[in-house]
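Remarks on the overall topology
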Amino acid sequence: MLADLGSPAEQMVMFTAAFSSGPAGVVDDYATVAKPWGFDVGGTAVPVAVMQGAADTMVPLAHAEALVAAVPNATLTVWPDEGHFATIAHVDEILATFG
């Protein structure tokens, strides 16, 4: 299935299709993420893995770094030269992380 997603340019076409009926859904997603989460992430007792492409122009690396700094037992994996869709290229690594 992942191979069917195509090149990064083709993946971007797929991503922008999310806006084909207007931006309301995507705007709602971002507005929800920006709200308080309703709990203190500093109280997280389980290990947390955060994975980020260093070249992501949609979500800055600083966001991942701030989250990892706020969450005890959090680890950060940064993929140099990878962008927003880095998880597609690293799906095997991600699945291995979570067993």
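This is a predicted model, so every value here is computed, not measured. (Residues numbered from 1 in each chain as written. Predicted model: local features only at pLDDT ≥ 70, side-chain atom pairs only at ≥ 80, totals over all residues. Heavy atoms only, no water.)

So, about the overall build of the protein. Counting secondary structure elements, the protein contains five helices and two strands. Reading the secondary structure of the protein in the N-to-C direction produces α-α-β-α-β-α-α. For the protein, the spread of C-alpha atoms along the three principal axes comes to 40 × 30 × 25 Å. Every one of the 99 residues in the protein was classed for burial, and the buried ones make up 18%. Of the roughly 6,800 Å² of accessible surface on the protein, a fraction of 64% belongs to carbon and sulfur atoms. (Helix = DSSP H or I, 4+ residues; strand = E, 2+ residues; numbered from the N terminus. Buried < 20%, exposed > 50% of the residue type's maximum accessible area, 1.4 Å probe, protein only. Areas by Shrake-Rupley, 256 points an atom, 1.4 Å probe, with all protein chains shown as cover.)

Time to look at the nonpolar core. Judged by nonpolar contacts, Val41, Val50, Ala64, Val68, Val71 and Ala74 together constitute the single largest core of six residues. Once you skip the residues sitting within four places of it in the chain, Ala74 turns out to touch Val48 and Val68. (Core = buried A, V, L, I, M, F, W, Y, C linked by side-chain atoms within 4.5 Å. Contact = heavy atoms within 4.5 Å.)

Each aromatic ring pair is specified by the distance between its two centres and by the angle formed by the two planes. Scanning the model with the defined rule gives one aromatic pair in all. For the pair Trp37 and Phe39, a centre-to-centre distance of 6.1 Å together with 40° between the ring planes defines the contact as tilted. According to the relative accessible area criterion, Trp37 is partly exposed, its value standing at 49%. (Phe/Tyr/Trp six-rings, centres within 6.5 Å; stacked < 30°, edge-to-face > 60°.)

Where strand E1 (residues 48-53) meets strand E2 (residues 74-79), six bridges bridge the pair, whose relative direction is parallel. Across the sheet, residue Ala49 finds its bridge partner in E2, namely Thr75. Once you follow E1 into helix H3 (residues 61-70) and on to E2, the crossover reads as right-handed. (Pairing = 2+ DSSP bridges. Right-handed = clockwise from strand over helix to strand, strands pointing away.)

Without other data, these values stay purely geometric and don't point to any function.
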